[in-house]
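# Examination of the molecular architecture
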Amino acid sequence: MENDQEILETEESEEYEESTDNSEFRRKRVKRIKGILIFLLIFFLIVPNIVCGFLLFKLYKMNQNIETLREEIKLSKLEIEMRTKQAASAQPAANSDSSNDDEKYGTDSLVELHLTDEEKYPGKQLVYLTFDDGPSDYTDEILDILSAHDVKATFFVLGKDGYDDQYRRIANEGHTLAMHSYSHQYKEIYASADAFREDLYKISNFLEERTGIKPKFYRFPGGSSNTLTPIPIQEFIHVLSDEGIVYQDWNVSSEDASYQMKETGVIAKNVINGVGDNRISIVLMHDSVAKRTTVEALPIIIETLQQKGNVVFLPITEGTKQVYQIGAGATDDKKEDAEVKEPGKETETNDASETVSEAEENVTEESISDEEKTSGDDSSSTEENNAGEENESED
Ligand SMILES: [Zn+2]
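Summary of the structure given here. Only a predicted model underlies this, so the values are computations on that prediction, with no experimental measurement involved.

A tally of regular secondary structure across the protein gives 13 helices and 8 strands. Burial statistics for the protein: of 395 residues in total, 37% are counted as buried. By sequence separation, contacts in the protein at least 24 residues apart represent 76% of the contacts at least 6 residues apart.

Written out as structure tokens, the structure reads:
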């Protein structure tokens, strides 16, 4: 019995132990599962955040890189632009070492480079005083008058010995030194394209030797509308364009070219009326020992026009609109220029009745006499002018 009891007790205690073992095991399992769940929860909550944070950081870095790249692209674009502009400005600067162009192309004028005079002076009347046939014994006086009035002009000069100082003064004082042929002898220079080119090189080299400036502008003796050339004037225009030289005629004439010296007042009136309300006036005058009254009229012309308040006197440069008198072979551009010429033509008719075409006829009649090919001798020039009568009247 006692044994039985013992056995029972041990069985009970074994059962009890067994049941406590079971619940212990279950608790552990639950605990383990809980752990796993918490781990998974933490894992799925935190890891994506970390990944997100990492990705955001990456994105931020990439954005930074893109910004830097953008800046670099911008900079290189600017650099390319600058280089292109420099190259563009270097070319005309190389062609031209004229002192006023140096001023023009100088330091801060990359933008100005492409502007025309009309764009530079909106609403202003642009007046270009031009003096043909110089230098002469009046050149210094003309330069003094221009300087006193702070006016820059253009001198279409010939090749003459004994005037080196005058050539240099023209260039150094900011005027445009331009070509009007070396000899002014129609028969010679208009004989053929080659003869024309030869004369052109001669005057160009002559001026460059004396002033260091390679001239870029030309005025045909007689103007581009003269009918005296044995071959079409276009042949000579081609020569000029081959050489990169721009020719300019005029649309206002002082009418100072006729052999009889015009009165000072008449010359002044011709120019002032000729300028009228023109937007652009290229004024034909002469720098010749036979043209005393032109010198006298000059201060009157300048002062009267300056009093108008909206007149700007300019030298001829690349920014100057080309005024021309030729009808043949005009491009669209030139047709526009022809319009520029219209007002001047009217004024040419209204006074001294020496229109350009008449002048041409005059020259024809004179059969291109040697006129004022002065070759440095002004007394001979006077005689020639007197003898040559109106042969000079077209320019
Ligand atoms: Zn001339």
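What follows covers unusual backbone geometry. In this chain, glycine 134 is followed by proline 135 through a cis amide linkage whose omega measures -5°. By secondary structure assignment, the location of proline 135 is in the loop between β1 (125–134) and α4 (139–148). The phi dihedral of aspartate 133 falls on the positive side, at around 75°, and the residue is not glycine. Within the element layout of this structure, aspartate 133 appears in strand β1. The exposure class assigned to aspartate 133 is buried, which follows from the 31 C-beta atoms found within 10 Å. In this structure, glutamate 255 is a non-glycine residue whose phi angle is positive, near 60°.

In this fold, tyrosine 121 is placed in the loop between α3 (117–120) and β1. The exposure class of tyrosine 121 is partly exposed, given the 17 C-beta atoms found within 10 Å. Spatially, the C-alpha atoms of tyrosine 121 and asparagine 310 are 9.7 Å apart, while their sequence positions differ by 189 residues. Setting aside residues no more than four positions away along its own chain, tyrosine 121 makes contact with Leu126 and Val312.

With that settled, the discussion passes to the pairing of strand β2 (residues 154–157). The two faces of β2 match: Thr154 and Phe156 on one face and Phe155 and Val157 on the other face are all buried. Examined bridge by bridge, β1 and β2 share 4 bridges and lie parallel to one another. By the bridge assignment, aspartate 132 is partnered in β2 with phenylalanine 156. Handedness of the crossover joining β1 and β2 through α4 is recorded here as right-handed. Where β2 lies against strand β3 (residues 176–179), 4 bridges are found, and the strand directions are parallel. Bridge pairing links phenylalanine 155 to leucine 177 in β3.

The periodicity of an α-helix, 3.6 residues per turn, causes residues three or four places apart in sequence to face the same way. Among all positions in helix α5 (residues 164–172), only Gln166, Tyr167, Arg169, Ile170 and Ala171 are buried. Downstream of α5 by a residue or two, glycine 174 has a phi angle that is positive, lying close to 90°.

Axis separation between helix α7 (residues 193–211) and helix α8 (residues 233–242) bottoms out at 9 Å; the angle between their running directions is 40°. The orientation of α7 with respect to α8, classified from their angle, is oblique. As for the relative orientation of α7 and α8, their crossing is right-handed in sense. Residue-level contacts link Ala193, Phe196, Arg197 and Leu200 of α7 to Glu235, Phe236 and Val239 of α8. Looking at the contact of α7 with α8 residue by residue, the classes come out as 5 nonpolar, no polar and 2 charged.

Take the packing of α5 against α7 next. Between α5 and α7, the shortest axis-to-axis distance is 9 Å and the interhelical angle comes to 80°. As judged from the angle between their axes, α5 and α7 are roughly perpendicular. Facing Asp164, Tyr167, Arg168 and Ala171 of α5, the residues of α7 in contact are Leu207, Arg210 and Thr211. For the contact of α5 with α7, a count of residues per class yields 3 nonpolar, 1 polar and 3 charged.

Glancing now at the nonpolar core. Ranked by size, the top nonpolar core spans 62 residues in total, and within it Val127, Tyr128, Leu129, Phe155, Leu177, Ala178 and Val283 carry the most contacts. Of all the elements, helix α10 (residues 292–307) adds the most residues to this core, at 6 residues. Contact partners of valine 127, with chain neighbours within four places excluded, come to Val275, Ser281, Val283, Leu305, Val311, Val312 and Phe313.

This part is about α10. Its 16 residues place the ends of α10 24 Å apart at the C-alpha level, agreeing with the 22 Å of an ideal helix rising 1.5 Å per residue. Where α10 bends most, the angle comes to about 30°, and this point is leucine 298, followed within four residues by the proline proline 299. All of the buried residues along α10 are Thr294, Val295, Ala297, Leu298, Ile301, Ile302 and Leu305. Packing partners of the buried residues in α10 comprise β1, α4, α9 (264–275), β7 (280–286) and β8 (311–313). Backbone geometry just downstream of α10 places glycine 309 in the positive-phi region, at approximately 90°.

Conventions we followed
- Residues numbered from 1 in each chain as written.
- Predicted model: local features only at pLDDT ≥ 70, side-chain atom pairs only at ≥ 80, totals over all residues.
- Helix = DSSP H or I, 4+ residues; strand = E, 2+ residues; numbered from the N terminus.
- Buried ≥ 20, exposed ≤ 12 C-beta atoms within 10 Å, placed from the backbone.
- Contact = placed C-beta atoms within 7 Å.
- Pairing = 2+ DSSP bridges.
- Right-handed = clockwise from strand over helix to strand, strands pointing away.
- Axes fitted to C-alpha atoms, helices over the stretch in contact; angles between N-to-C directions.
- Parallel < 35°, antiparallel > 145°, perpendicular 65-115°, else oblique.
- Left-handed = near helix turned anticlockwise from the far one by under 90°.
- Nonpolar A, V, L, I, M, F, W, Y, C, P; charged D, E, K, R; others polar.
- Core = buried A, V, L, I, M, F, W, Y, C linked by C-beta atoms within 7 Å.
- Expected span 1.5 Å × (residues − 1).
- Bend = angle between axes of the 7 residues up to and from the residue.

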